[in-house]
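Understanding the architecture of this molecule
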Amino acid sequence: MRNPEPAPRLSALRRSEIGRVTIYAVTGAVTHGAPHQDSPSPDGRRREPPYLFATPIRGGLRYIQHGRSERIGDGEYVLLSQKAFFELEIDGGGEALVAHIPAADLKGRIAS
């Protein structure tokens, strides 16, 4: 199973956990996220790869996924699927909050 922590080009300043959600305060250049493969859970069912929530807390950040590229700033966020390749670049000297959210946890909290 792949380590769910941010790729090495990001430097984790702090790490916290809320249940199965892991939150990092990070700084750094570019991280490339390779797609996660679905993995079986202990009960044999397939687990979807986690989602990555990212929001800048100082400076801005740029992301790329599915051919979409955008820069976001204060008060904005992006939710990236870890089923697909992505790039995340934090502005030089900037910081961001990055959270790994298990797909089942996220879907279980969305009211439809």
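Report on the accompanying structure. This structure is a prediction, so every number in the text was calculated from the model and none was measured. (Residues numbered from 1 in each chain as written. Predicted model: local features only at pLDDT ≥ 70, side-chain atom pairs only at ≥ 80, totals over all residues. Heavy atoms only, no water.)

Ranked by size, the top nonpolar core spans 14 residues in total, and within it L61 and L88 carry the most contacts. Secondary structure elements with two or more residues in this core: β2 (21-28), β6 (51-58), β7 (61-65), β9 (78-81), β10 (86-90) and β11 (95-101). Residue contributions to this core peak at three residues, all from β10. Grouped together as the second largest cluster of nonpolar side chains are six residues, V21, Y51, I101 and L106 included. (Core = buried A, V, L, I, M, F, W, Y, C linked by side-chain atoms within 4.5 Å. Buried < 20%, exposed > 50% of the residue type's maximum accessible area, 1.4 Å probe, protein only. Helix = DSSP H or I, 4+ residues; strand = E, 2+ residues; numbered from the N terminus.)

With that settled, consider the pairing of strand β8 (residues 68-72). Side-chain positions along a regular strand alternate between the two faces of the sheet. Judged from the five bridges that link them, β7 and β8 form a sheet pairing that is antiparallel. Along β8, the bridge assignment pairs R62 with R71. The turn linking β7 back onto β8 is made up of two residues, and H66 within it adopts a positive phi angle of 55°. (Pairing = 2+ DSSP bridges.)

By the secondary structure assignment, S81 is in strand β9. According to the relative accessible area criterion, S81 is buried, its value standing at 17%. There is a polar contact of 3.0 Å between the side chain of S81 and the backbone nitrogen of K83. Apart from the residues lying within four places of it in its own chain, the contact partners of S81 are P50, Y51, Q65 and F86. (Polar contact = N/O pair within 3.5 Å; in protein donor to acceptor, adjacent residues only side chain to side chain. Contact = heavy atoms within 4.5 Å.)

This brings us to the pairing of β10. Counting buried positions along β10 gives four out of five residues, so the element sits mostly inside the fold. The pairing of β7 with β10 spans five bridges and is classified as antiparallel. Across the sheet, residue R62 finds its bridge partner in β10, namely E89.

This part covers the environment of A84. For A84, the location among the structural elements is in the loop between β9 and β10. A C-alpha to C-alpha distance of 9.6 Å links A84 and P49, two positions 35 residues apart in sequence.

Moving on to the environment of L80. Mapped onto the elements, L80 comes out in strand β9. As for L80 and F53, which are separated by 27 residues in sequence, their C-alpha atoms are 6.4 Å apart. When near neighbours in sequence (up to four residues on either side) are disregarded, L80 contacts Y51, L52, Y63, Q65 and F86.

This brings us to the pattern of salt bridges. Going through the model one piece at a time under the given rule, you end up with eight salt bridges. Measuring nitrogen to oxygen at the nearest pair gives 2.7 Å for the salt bridge that ties E17 to R15. A relative accessible area of 46% places R15 in the partly exposed class. A salt bridge links R62 to E89; the nearest nitrogen and oxygen atoms lie 2.8 Å apart. Of this pair, R62 sits in strand β7 while E89 sits in strand β10, placing them 27 residues apart in sequence. A relative accessible area of 29% places E89 in the partly exposed class. Through salt bridges with shared partners, one network takes in R14, R58 and E95. (Salt bridge = Lys/Arg side-chain N within 4 Å of Asp/Glu carboxyl O.)

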